[in-house]
Amino acid sequence: MSVFTQKLNPINGNLEWHLQNDNYDYHQEIARSAYADMLHDTERNEKYYSSLRKTISHLKKQNIKTNVLDIGTGTGLLSMMAAKCDADSVTACEAFKPIANCAKQVMENNGYKNKIKLVTKHSTGLTVGIDGDLQEKANILVAELFDTELIGEGAIPSFNHAHENLLKDDCYVIPCAATVYAQVVESQFVSNWYRLNPVQVSNGKTISLPENIINCPGASAVCDCQLNQLPSPDFHLLTEPIPVLKFDFTKQIPIKRNETVEIKVNKSGHAQAVFVWWELQMDFEGEIILSCAPKWAHPEGGKSQWRDHWMQAVYFLPKAVTVDKDQSLTLQSSHDEFSLWFNLGNEELTPSPMCVCGAHIAYSRTKFGMMNDATRLKKYTKALERIIKSDSICLSLSDGSWLPLIAAKLGAKKIYAMDSELPSRRVLESVAAANKIKGQFLVLPICENNVFGNSVFGSKVDILIGEPYFLNSVLPWDNLRFWYLRSIYNLFLSDDAKIMPQSAVLKGIGLNLEHLWKIKAPVGIVEEFNIEAFDQVISKSSNISDESIEPHPLWEYPGTAVTLPWTLLEFNFIKKIHSHDRLEAKQAIPFAQDGSCNAVGLWIEWQLDEQEIISCGPSEQIVPGKPVVWDRFCKQ
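Remember, it's a predicted structure, so these values are computed and weren't measured experimentally.

A.B. asks: Please clarify how the overall build of the protein chain should be interpreted in this entry.
C.D. replies: Secondary structure assignment for the protein chain yields 14 helices and 31 strands. For a compact globule of 636 residues, the expected C-alpha radius of gyration is about 26 Å, and the protein chain comes in at 28 Å, within 12% of that figure. For the protein chain, the spread of C-alpha atoms along the three principal axes comes to 90 × 65 × 50 Å. When burial is assessed residue by residue, the protein chain has 55% of its 636 residues classed as buried. For the protein chain, long-range pairs separated by at least 24 residues make up 76% of all intrachain contacts whose partners lie at least 6 apart in sequence. Here the protein chain displays about 28,400 Å² of accessible surface, and carbon together with sulfur accounts for 48% of that area.

A.B. asks: Explain the nonpolar core here, please?
C.D. replies: Of all hydrophobic cores here, the largest spans 111 residues; its most connected members are Trp193, Val314, Trp402, Phe441 and Tyr489. When neighbours within four sequence positions are excluded, Val314 is seen to be in contact with Val190, Trp193, Val222, Cys223, Cys225, Leu227, Ala273, Val274 and Phe275. In terms of nonpolar packing, the next biggest core, distinct from the first, is built from 88 residues, Ala83, Ile99, Ala178 and Met282 among them.

A.B. asks: How should I be thinking about the sheet that holds strand β7 (residues 167-174) in this particular structure?
C.D. replies: By way of backbone hydrogen bonds, the strands of a sheet pair with one another, either parallel or antiparallel. Strand order in this open sheet of 5 strands is β5-β4-β3-β6-β7, and the pairing throughout is parallel. Unpaired on one side and paired on the other, β5 (117-119) and β7 mark the two borders of the sheet. Adjacent strand axes in the sheet meet at a mean angle of 25 degrees, parallel and antiparallel pairs treated alike. Of the pairings in the sheet, the one linking strand β4 (residues 89-93) to β5 comprises 3 bridges and is parallel in character. Looking at the pairing, Thr91 lines up with Lys117 of β5. Packing of helix α3 (residues 77-84) onto the sheet brings it into contact with β3 (67-71), β4 and β6 (138-143), and relative to β4 it is tilted by some 180 degrees. Sitting on the sheet, helix α5 (residues 155-165) is in contact with β3, β6 and β7, with an inclination near 145 degrees to β7.

A.B. asks: Which parts of the structure should I look at to understand the domain arrangement of the protein chain?
C.D. replies: One frequently used descriptor of interface size is the decrease in accessible area upon assembly of the parts. In terms of domains, the protein chain is made up of domain 1 (32-174), domain 2 (178-357), domain 3 (365-497) and domain 4 (504-627). On a C-alpha basis, the centroid separation for the pair domain 2 and domain 3 is 35 Å. Taken together, the contact between domain 2 and domain 3 spans 20 residues of the former and 18 residues of the latter. A buried area of about 1,700 Å², summed over both sides, lies between domain 2 and domain 3, and 65% of it is on carbon and sulfur atoms. Three residues stand out in domain 2 for area buried against domain 3, namely Trp193, Leu196 and Ile207, and they jointly supply 32% of the buried area on that side. Applying the counting criterion to the domain 2 and domain 3 interface returns 0 salt bridges. Summed over the shared surface of domain 2 and domain 3, the number is 9 residue pairs in polar contact (both at pLDDT 80 or more). In terms of residue count, the dominant contributor to the side of domain 2 that touches domain 3 is strand β11 (residues 223-225) (3 residues). Among the residues making up the side of domain 2 that touches domain 3, the classes are represented as 12 nonpolar, 5 polar and 3 charged.

A.B. asks: Help me understand the side chain of Ser401 in this model?
C.D. replies: Looking at the element boundaries, Ser401 is found in the loop between β20 (393-397) and α11 (403-409). What makes Ser401 buried here is its relative accessible area of 2%. One polar contact links the side chain of Ser401 to the main-chain amide nitrogen of Leu403, over a distance of 3.0 Å. Only 3.0 Å separates the side chain of Ser401 from the side chain of Glu467, close enough to count as a polar contact.

What counts and what doesn't
- Residues numbered from 1 in each chain as written.
- Predicted model: local features only at pLDDT ≥ 70, side-chain atom pairs only at ≥ 80, totals over all residues.
- Heavy atoms only, no water.
- Helix = DSSP H or I, 4+ residues; strand = E, 2+ residues; numbered from the N terminus.
- Rg over C-alpha atoms; globule rule 2.2 N^0.38 Å.
- Buried < 20%, exposed > 50% of the residue type's maximum accessible area, 1.4 Å probe, protein only.
- Contact = heavy atoms within 4.5 Å.
- Areas by Shrake-Rupley, 256 points an atom, 1.4 Å probe, with all protein chains shown as cover.
- Core = buried A, V, L, I, M, F, W, Y, C linked by side-chain atoms within 4.5 Å.
- Pairing = 2+ DSSP bridges.
- Axes fitted to C-alpha atoms, helices over the stretch in contact; angles between N-to-C directions.
- Domains from an automatic or database assignment.
- Buried area = accessible area lost by both parts, 1.4 Å probe.
- Salt bridge = Lys/Arg side-chain N within 4 Å of Asp/Glu carboxyl O.
- Polar contact = N/O pair within 3.5 Å; in protein donor to acceptor, adjacent residues only side chain to side chain.
- Nonpolar A, V, L, I, M, F, W, Y, C, P; charged D, E, K, R; others polar.

See below:
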């Protein structure tokens, strides 16, 4: 039996019905429970195991019965570790029934069927008593409820509920505490993910920004990042890393919502952001520490464990501050139950920032980066300068694009800026107003059915432009929606209309990724426990519900080229999309060297005109056997 599900077609922007397995949603949710690379995190696994062993042994030496509660057991790994350490009782809870059933099978396969009680409930639904899920309150809690932001998965309310209802007063918690570290930095590169910059067009012309964009504090959303892959010239550390927030999961020390610390500035500069990470104190004596610090602050330096399920985070300051060496700086660190935020200054503690300009609502960090990429904008401007005249009538088909504003600054007679998203259109309108671009500039929604017709386009359009970029695009070729729209709006183009970009090429390269393959790899054996039943469940559901291609910002994931780049498909935008037959490619690609190939990287190159190319892939020449340097404002 099959069912119909709705999926967005990124090319035409329409919701379409697709025939899927009747348990498609069920399998999709199971596939999302793969925990990415978490089970491949050797340090995490070892330190949880060591802490359980130490805590259980410590209590047994005092002849204290050890009752372990594992919240959100997942595969059952932590519960099996506790049972292996000879805990007197182990109760595991897992709210998602398919994964709970899988954990039950994993436990049985490893010989722990009768040693672990598995309850298919959320921890807040557990009961204690003779007929309860736990016969008595537990005195050891083990849980892994963390994300890059530490508390974003609900660790605080989960631990609080457990202490109030499920744990003894003198219980042990693994991990028992967490410390959040912060380091104030200057980095125009990361600032470009968050703050729009004025655009230098040419001949002294500039696209200025309105005050609401310039002064917007932004939003509190965490920006997770593999900081180890950020080139050192792209940031300056203005302070030493310092502990700013402490979370005591044993509840012996109250958790403070706000902390203010004084830090010394080591280097003069422009404080724009805060790099943040955390470490876990796994055991009650503070001897077993798990750190997510970047290599320059990690106890093991560059040899630290690679992980993608916990990264480092970038938090942007509401307002950049100029600081001087040896200055004392006040850093405010705040949190609620699920998120963190930071600020500088001695003024009253600030609430979580809220966007007032609309840009932080409309655009992703990669889109911010594109809009601030001076090299990319220069290429667009050069290509536009070659075609725009004083009587030009331009139609722009892209979301969140500076192109129509650049065209206006270059003197085009009329510009129709079509953008598919209302928040993005509002940003564009506010910038146009700030630059006093009025009569010749009209912002419209993109419509595939030509509802505007000649009532809008009073004269034929002689220049059609696009980055192309659309906010609903996920994969590189989703932006070929430009070709589809170009074909629909062909009716309003003059016979000799200029099209920019003229064409595009889909390219690929064979890769040996150092670590990223782990997010899809089966686990097998973890700390002597057989997890293959979990692998089989995830693999089956993933095959039913997941696409074989995923978008990733490959600059964050080191890897080497094992082939030369090749062209898969070419797209000619001068012709309408409907004039083409189905495009297919089948090629034999030779390896350029011996070794492993565990991925294929794909990207689009946009040919603006005969001279300018915008590549969304490698930014430097590819040499087989050498690391690939990728564009950092696109996903491949």
